[in-house]
Amino acid sequence: MEQQIPKRRVLEQFAVIAKAVGHEYRLELLELVAQRERSVEALTQLTQLPVGSVSQHLQQLRRAGLVTARKEGKYVYYSLADEQVLTLMSTLRRVAERNISEVNQLVAQYLADDQDLDAVSSAELLERLQRDEVTLIDVRPPEEYASGHLPGAINVPLEELEAHLQELPTEQQVVAYCRGPFCALARDAVRRLRRRGVDATRLNQGFPEWKAEGLPVQ
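Notes on the structure in this doc start here. (Residues numbered from 1 in each chain as written. Predicted model: local features only at pLDDT ≥ 70, side-chain atom pairs only at ≥ 80, totals over all residues. Heavy atoms only, no water.)

### Things to note about empty space enclosed by the protein
Step number 1: This model, assessed by the stated rule, comprises one cavity of 30 Å³ or more.
Step number 2: Considering the residues around the largest cavity, the lining is formed by Tyr177, Cys178, Gly180, Pro181, Cys183, Ala186, Arg187, Arg202, Leu203 and Gln205.
Step number 3: At the level of elements, helix 9 (184–195) and strand 8 (200–203) are the ones that each hand at least two residues to the lining of the largest cavity. (1 Å grid on protein atoms, 1.4 Å probe; cavity = no way out; pocket = protein on both sides within 12 Å on 5 of 7 lines; lining within 4 Å. Points joined across faces, edges and corners; volume = space filled by probe spheres on them. Helix = DSSP H or I, 4+ residues; strand = E, 2+ residues; numbered from the N terminus.)

If you want it as structure tokens, here you go:
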């Protein structure tokens, strides 16, 4: 029995992480700081949650070792602790999709208008990029793009897409990507491009998942 005590203490620490990711708001905050370092105020604006709630959730993530914080003046900025947090998030999503039927039902409802939007995998996109067969656009905000993006990607924020249509080559397919597999920005971009007669598709994941796979980034 005594031999089990150290093991249980280790498992207890594992449970700290499990508890930290056991809330939808904290998972949303992790997704946002996976794009770039953000202040509490920026996260409050993006999530539309009370600043006190955001701060408390971030503190719990910090205590679990999932995010780090630094203070600059009167602002506190948060970022992911390391790349393994991205792997944890991707694994959590895949396990939920494979084993919880309600997840697939909710995703199907959420993406009901996107059933006709095909997508390419990271492996396929990497091959096509190496053969210079596609034009890759990152439709996230400029500050997220500047913090890291897929190699060769052009930053065309969704709200500026119409203004940059003439700059996109007509002889190549356009592939759009954004924050993650459930991010609507890339889907909206593909719809708009197709309405303008552009051959467009999307990456089936986002920048954090691409990075978690160990694929090249800039």
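### Concerning the nonpolar core
Step number 1: By size, the foremost hydrophobic cluster in this structure holds 21 residues, and its most contacted members are Leu30, Leu43, Val54, Leu58, Leu61, Leu66 and Leu80.
Step number 2: Elements with a contribution of two residues or more to this core: helix 2 (24–33), helix 3 (40–47), helix 4 (51–63), strand 3 (75–80) and helix 5 (84–99).
Step number 3: If one sorts the elements of this core by residue count, helix 2 sits on top with four residues.
Step number 4: With sequence-adjacent residues up to four places away left out, Leu58 is seen in contact with Leu29, Val40, Leu43, Val67 and Tyr78.
Step number 5: Ranked by size, the runner-up nonpolar core spans 16 residues in total, among them Val139, Leu161, Leu168 and Ala189. (Core = buried A, V, L, I, M, F, W, Y, C linked by side-chain atoms within 4.5 Å. Buried < 20%, exposed > 50% of the residue type's maximum accessible area, 1.4 Å probe, protein only. Contact = heavy atoms within 4.5 Å.)

### Regarding the environment of Leu86
Step number 1: Locating Leu86 in the fold gives a position in helix 5.
Step number 2: Residue contacts for Leu86: discarding those within four places in its chain leaves Ala34, Leu80, Pro208, Lys211 and Ala212.

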